[in-house]
Protein chains: 2
Amino acid sequence: MNKYGLHGKLTATAGNTDKLAAILLQAAKLVATADGCHVYLVSKDAATEDAVWVTEVWDSKEAHDNSLKVAGVRELIGQAIPLLAGPPQKGQELEILGGAGLNSSY
Amino acid sequence: MNKYGLHGKLTATAGNTDKLAAILLQAAKLVATADGCHVYLVSKDAATEDAVWVTEVWDSKEAHDNSLKVAGVRELIGQAIPLLAGPPQKGQELEILGGAGLNSSY
């Protein structure tokens, strides 16, 4: 069955990119064992200064939405919000057909 | 150590999206066991019809570049090229800081 992917950007206020990334890496640890979580990557790219990218793969959109209820996640969101330069943009939603790196491959 | 990510789009000629995706899924199987490959996902998204997205995570750019030498990969590229609506665009290069879903996490 296809999986749900999300590739999105959070932009930090000047000087806070690393702090924001550190919070998101903590969130990755929390959701890594959540039901239906396959991938939760935290990245920067050279082209978008101040931005932190989050790339997620879940069994379904519902599994993703439930991740917001994982213990500790809301607290981390609360820490991240004051570091953001603006409201989070809606990320790119992907229908994951398959590939390598999922918990149960192909 | 940070890893190398690439998130890119291939656009198929009309009616060939599924055929292109199938070729990329075969490529995913070939590179899944290549040195330094963590993630190779093949996706579609509702917003970009005719497009197939490939999201990769490798130990380094060099590991990614070497994947083109994996047996069978060039043949698959040869099958994919006639299905493309234009030359592949350069994907978004990511510096992966960490997260869940990598072979050796965090």
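Not measured: the values here are computed from a predicted model. (Residues numbered from 1 in each chain as written. Chains lettered and ligands numbered in written order. Predicted model: local features only at pLDDT ≥ 70, side-chain atom pairs only at ≥ 80, totals over all residues. Heavy atoms only, no water.)

Caption draft 1: Spotlight on the relation of the copies chain B and chain A. Between chain B and chain A, which share one sequence, the superposing operator has a rotation angle of 180 degrees and an axial displacement of 0.0 Å; the RMSD is 0.0 Å. Given the turn and translation reported, the copies of this chain are related as if by a two-fold rotation axis. Across chain B, the smallest distance between a C-alpha and the rotation axis is recorded for Gly101 of chain B, namely 3.4 Å. Both copies contact each other with a shared surface, as 100% of the interface residues of chain B are interface residues in chain A too. (Least-squares fit on C-alpha atoms with pLDDT ≥ 70 in both. Contact = heavy atoms within 4.5 Å.)

Caption draft 2: Molecular detail of helix 1 (residues 17-31) of chain B. Spanning 15 residues, helix 1 of chain B covers 21 Å between terminal C-alpha atoms, matching the ideal 21 Å at 1.5 Å per step. At its buried positions, helix 1 of chain B is contacted by strand 4 (92-100) of chain A together with strand 1 (3-11), strand 2 (37-44), strand 3 (51-58) and helix 3 (73-80) of chain B. (Helix = DSSP H or I, 4+ residues; strand = E, 2+ residues; numbered from the N terminus. Expected span 1.5 Å × (residues − 1).)

Caption draft 3: The UniProt feature "domain: ABM" (unreviewed entry) in chain A, seen in detail. The UniProt entry lists residues 4-96 of chain A under the feature "domain: ABM" (unreviewed entry), expressed in the numbering used here. In the segment residues 4-96 of chain A, helix accounts for 31% and strand for 31%; the C-alpha atoms at its two ends are 6 Å apart. (UniProt positions renumbered as here; feature names shortened; annotations may be inferred.)

Caption draft 4: Broad picture of the pairing of strand 4 of chain A. The pairing of strand 1 (residues 3-11) of chain A with strand 4 of chain A spans five bridges and is antiparallel. Across the sheet, residue Lys3 of chain A finds its bridge partner in strand 4 of chain A, namely Ile96 of chain A. Note that strand 4 of chain A and strand 2 of chain B share five bridges and pair antiparallel. Among the inter-strand pairings, Gly98 of chain A is bridged to a residue of strand 2 of chain B, identified as Val42 of chain B. (Pairing = 2+ DSSP bridges.)

Caption draft 5: Here's a closer look at the sheet that holds strand 2 of chain B. Strand order in this closed barrel of eight strands is 1(A)-3(A)-2(A)-4(B)-1(B)-3(B)-2(B)-4(A), and the pairing throughout is antiparallel. Here the strands of the sheet are splayed against their neighbours by 35 degrees on average, with no regard to which way each runs. Contacts from helix 1 (residues 17-31) of chain A reach strand 1, strand 2 (37-44) and strand 3 (51-58) of chain A together with strand 4 (92-100) of chain B, with the element oriented near 170 degrees to strand 2 of chain A. Helix 1 of chain B rests against strand 4 of chain A together with strand 1, strand 2 and strand 3 of chain B of the sheet, and its axis sits at about 170 degrees to strand 2 of chain B. (Axes fitted to C-alpha atoms, helices over the stretch in contact; angles between N-to-C directions.)

Caption draft 6: The arrangement of helix 3 of chain B in detail. Residues and elements named next belong to chain B. The set of residues buried in helix 3 consists of Val73, Leu76 and Ala80. The buried side chains of helix 3 occupy one side of the element, clustering within an arc of 60 degrees when seen end-on. Exposed side of helix 3, more than 90 degrees from the buried face: Arg74 and Glu75 are the residues found there. Along its buried surface, helix 3 packs onto helix 1. (Buried < 20%, exposed > 50% of the residue type's maximum accessible area, 1.4 Å probe, protein only. Arc of directions from axis to C-beta.)

Caption draft 7: Up close: the interface of chain B and chain A. With 29 residues of chain B at the contact, the number on the chain A side is 29 residues. Carbon and sulfur atoms make up 64% of the area that chain B and chain A hide from each other, which totals about 2,400 Å². Contributions of two or more residues to the side of chain B that touches chain A are made by helix 1, strand 2, strand 3 and strand 4 of chain B. If one sorts the elements of the side of chain B that touches chain A by residue count, strand 4 of chain B sits on top with nine residues. (Buried area = accessible area lost by both parts, 1.4 Å probe.)

Caption draft 8: Representation of a nonpolar patch on the surface. A surface patch of nonpolar side chains, amounting to about 240 Å² of accessible area, comprises Leu68, Ile77 and Ile81 of chain A. With respect to the helices and strands, the residue Ile81 of chain A is situated in the loop between helix 3 (73-80) and strand 4. (Patch = residues over 30% accessible without salt bridge, like charges linked within 9 Å, V, L, I, M, F, W, Y side chains within 5 Å. Areas by Shrake-Rupley, 256 points an atom, 1.4 Å probe, with all protein chains shown as cover. Salt bridge = Lys/Arg side-chain N within 4 Å of Asp/Glu carboxyl O.)

Caption draft 9: The arrangement of the packing of helix 1 of chain B against helix 3 of chain B in detail. Residues and elements named next belong to chain B. Axis separation between helix 1 and helix 3 bottoms out at 10 Å; the angle between their running directions is 170 degrees. In terms of their interaxial angle, helix 1 and helix 3 are classed as roughly antiparallel. Every residue of helix 3 that contacts helix 1 at Leu20, Ile23, Gln26, Ala27, Leu30 and Val31 is listed here: Val73, Leu76, Gln79 and Ala80. Residues belonging to the contact of helix 1 with helix 3 are distributed by class as follows: eight nonpolar, two polar and no charged. (Parallel < 35°, antiparallel > 145°, perpendicular 65-115°, else oblique. Nonpolar A, V, L, I, M, F, W, Y, C, P; charged D, E, K, R; others polar.)

Caption draft 10: Structural detail: the side chain of Ser67 of chain A. Residues and elements named next belong to chain A. Among the secondary structure elements, Ser67 is positioned in the loop between helix 2 (61-66) and helix 3. When its relative accessible area of 6% is taken as the criterion, Ser67 is described as buried. Setting aside anything within four residues of it in sequence, one finds Ser67 in contact with Val31, Trp58 and Val73.

Caption draft 11: Seen up close, the pattern of salt bridges. All names here are of chain A. Within this structure, the stated rule accounts for eight salt bridges over all chains. As a salt-bridge pair, Asp18 and Lys44 come within 3.1 Å of each other at their nearest N and O atoms. Here the residue Asp18 occupies a position in helix 1, and Lys44 occupies one in strand 2, the gap between them amounting to 26 residues. Overall, the relative accessible area of 53% leaves Asp18 in the exposed class. The exposure class of Lys44 is partly exposed, given its relative accessible area of 22%.

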